[in-house]
Amino acid sequence: MAVSISDLHVAFGAKEIVHGVDLTIGDGERVGLIGPSGSGKSMIAKSLLGLLPREARLSGDITMGDVAILSSDGDARGATSAYADERTLADLRGRYVGTVFQNPTRALNPVMTVAQIVGLPLVLHYDLTLTERVERVKAMLDKVGLPQDALLKRPHELSGGQRQRVGIAAALITSPRFIIADEPTTALDSITQRAIVDLLVSLVDDAGASMLFITHDFAVLSRATMRCYVLDKGRIVESGHTADLLAAPQAGPTRELVSSARVLTLRAERVGADADSIDSAEGGAA
Ligand SMILES: Nc1ncnc2c1ncn2[C@@H]1O[C@H](COP(=O)(O)OP(=O)(O)OP(=O)(O)O)[C@@H](O)[C@H]1O
Ligand SMILES: [Mg+2]
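Residues numbered from 1 in each chain as written. Chains lettered and ligands numbered in written order. Predicted model: local features only at pLDDT ≥ 70, side-chain atom pairs only at ≥ 80, totals over all residues. Heavy atoms only, no water.

Draft legend 1. Just the side chain of Thr225, in detail. In this structure, Thr225 sits in the loop between α8 (218–224) and β10 (227–232). Relative accessible area serves as the criterion here: at 4%, Thr225 is assigned to the buried category. Of the polar contacts made by the side chain of Thr225, one reaches the side chain of Thr242; its length is 3.0 Å. The residues touching Thr225, leaving out its near neighbours within four places in the chain, are Arg30, Val31, Gly32, Phe213 and Thr242. (Helix = DSSP H or I, 4+ residues; strand = E, 2+ residues; numbered from the N terminus. Buried < 20%, exposed > 50% of the residue type's maximum accessible area, 1.4 Å probe, protein only. Polar contact = N/O pair within 3.5 Å; in protein donor to acceptor, adjacent residues only side chain to side chain. Contact = heavy atoms within 4.5 Å.)

Draft legend 2. Examining the confidence of the model for the protein more closely. Mean pLDDT over the protein stands at 88; residues scoring 70 or higher make up 88%. Overall, residues 273–286 carries pLDDT values under 50, and its contacts beyond four positions in sequence, including any with other chains, amount to 16 contacts. (pLDDT = per-residue confidence, 0-100.)

Draft legend 3. Just the sheet that holds strand β3 (residues 30–34), in detail. The strand order across the open sheet built from six strands is β7-β8-β9-β3-β10-β11, with neighbouring strands paired in mixed fashion. Every other strand in the sheet has two partners, leaving β7 (97–100) and β11 (235–241) as the edge strands with one partner each. For this sheet, the mean inter-axis angle between neighbouring strands, taken without regard to orientation, is 15°. The pairing of β10 with β11 spans six bridges and is classified as antiparallel. Its bridge partner lying in β11, Asp232 is registered against Arg235. Where helix α1 (residues 41–49) meets the sheet, its contacts fall on β3, β7, β8 (178–182), β9 (210–215) and β10, and the angle it forms with β8 comes to roughly 150°. With respect to the sheet, helix α2 (residues 86–96) is in contact with β7 and β8, its orientation differing from that of β7 by roughly 70°. (Pairing = 2+ DSSP bridges. Axes fitted to C-alpha atoms, helices over the stretch in contact; angles between N-to-C directions.)

Draft legend 4. Main features of the site of ligand 1. Around ligand 1 sit 13 residues in total, of which Ser37, Gly38, Lys41, Ser42 and Met43 are the nearest. One of the backbone nitrogen or oxygen atoms of Gly38 is found 2.8 Å away from an oxygen atom of ligand 1. In this structure, an oxygen atom belonging to ligand 1 sits 3.0 Å away from a main-chain N or O atom of Gly40. Isolated, ligand 1 exposes 640 Å² of accessible area, and the fraction of that covered by the protein chains is 64%. Looking at the shell around ligand 1 element by element, the count peaks at three residues for α1. (Near = heavy atom within 4 Å. Areas by Shrake-Rupley, 256 points an atom, 1.4 Å probe, with all protein chains shown as cover.)

Draft legend 5. Layout of the sheet that holds strand β5 (residues 67–71). The five strands lie next to each other as β2-β1-β4-β5-β6, forming an open sheet whose pairing is antiparallel. Of all the strands in the sheet, the pair left with one neighbour each is β2 (15–25) and β6 (82–83). Bridge analysis of β5 against β6 gives two bridges, and the strand direction is antiparallel. The residue of β6 that forms the bridge with Ser71 is Ala82. Against the sheet, α1 contacts β1 (3–12), β2, β4 (56–64), β5 and β6, and its axis sits at roughly 115° relative to β1.

Draft legend 6. Spotlight on the packing of helix α4 (residues 114–125) against helix α6 (residues 160–172). As a packed pair, α4 and α6 sit with axes 7 Å apart at the nearest point and diverge in direction by 30°. Considering the angle they form, α4 stands roughly parallel to α6. The hand of the α4/α6 crossing is right-handed. Residues Val114, Ile117, Val118 and Pro121 of α4 form the contact with α6, whose participating residues are Val166, Ala169 and Ala170. Of the residues in the contact of α4 with α6, the class split is seven nonpolar, no polar and no charged. (Parallel < 35°, antiparallel > 145°, perpendicular 65-115°, else oblique. Left-handed = near helix turned anticlockwise from the far one by under 90°. Nonpolar A, V, L, I, M, F, W, Y, C, P; charged D, E, K, R; others polar.)

Draft legend 7. Fine view of unusual backbone geometry. Although it is not a glycine, Asp7 adopts a positive phi angle of roughly 50°. Note on placement: Asp7 falls in strand β1. On the accessibility criterion, Asp7 (42% relative accessible area) is partly exposed. Located in the positive-phi region is Lys233, a residue other than glycine, with phi close to 50°.

Right under this line is the structure:
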C-alpha cells in the first residue's frame with residue numbers, strides 16, 4: 001500500500017514537535033525513518049495511526065492507499081486537520097496496517113498465551129471458526145520461525161528474540177498491506193537484531209507489503225531499507241538511497257548517525273563469525 005505524508009505538523013500546546021514533514025512510501029517499498037532520540041520519529045508513526053495523545057494538535061495530509069487518513073481543511077491557514085472517522089481508522093489499523101514496536105515485553109499482554117496474542121487480531125477483525133483461526137496461527141508461527149510448542153507459552157517464558165517473533169506474527173497475521181516497525185530491534189542484542197530484521201524484511205517482501213522502518217541505527221537501517229529519510233528536531237534534513245547516505249552523508253545529523261553506526265558495526269564485526277554460527281545453531285530462532 002502506498003503511503004503519503006504531506007506538510008505534517010504536530011504540536012503540544014505552544015510547543016511544535018514536528019515541523020512540516022513530507023514523506024512518501026511506494027506500494028511494496030521499504031522506507032526508513034532515522035533520527036536521534038527525541039527527534040519525533042514515534043510522533044510521526046503515531047500520527048499515521050491516529051494514535052497521538054488527545055492534547056496533540058495536528059495539521060497536514062496523510063493518505064494510505066486511497067484513504068485520506070488526515071485531511072487539512074484547505075481554507076483557514078493554521079486550521080487543525082481532521083482525521084477520518086474512527087470506524088475507518090479502526091478498520092485500517094486492524095486489517096491493513098501492522099505495527100511492530102520496540103519493546104515486545106511491554107507490547108505483549110503477559111497473561112495471554114502466544115496462541116491468544118497472535119490470534120487476537122483475527123478474533124477482532126475476521127469471522128473465522130476456531131479451527132480456521134488455530135490453523136492460521138500455527139502457519140504464522142512457522143513463518144516467523146517459532147516452534148509449535150510456543151503456542152501455549154506466555155511471553156515471560158520466551159527469549160527477547162522469540163518475543164519479538166511473536167510481535168511480528170501478531171502484526172502480520174491479518175496480512176496487512178503496510179507495516180510500521182518502530183525500533184523493532186532496539187531492545188535486542190546485535191546478533192538477534194540481524195535475525196529479526198532479516199525475518200521482517202523477507203516476510204514483508206513475500207507479502208508484497210510496504211513498510212516504514214524506524215530506527216536510530218544506520219547499520220540496522222541499511223539492512224532493512226533501500227531508501228530513507230533523516231529526521232532531526234522534527235525536520236527532515238536529508239533523504240535518499242540508504243547506501244548513498246551511509247557512504248556520503250551530507251547533513252550534520254546524518255554524519256553523526258553514520259559515524260555512531262560505524263563504531264557499532266566495527267564492534268559487531270569482531271564477533272561476526274561467531275554470530276553466523278550461533279544463527280544457524282539456533283535454527284534462526286534467536
Ligand atoms: N505527550 C507529550 N506531550 C509533550 N511532548 C511530548 C509528548 N510525547 C512526546 N513528546 C515530545 O516529543 C518529542 C519527540 O518524541 P518522540 O517520541 O517522537 O521521539 P523519538 O524520535 O521517537 O525518540 P526515541 O528514539 O527515543 O523513541 C520529544 O521531545 C518528546 O519529549
Ligand atoms: Mg520513538
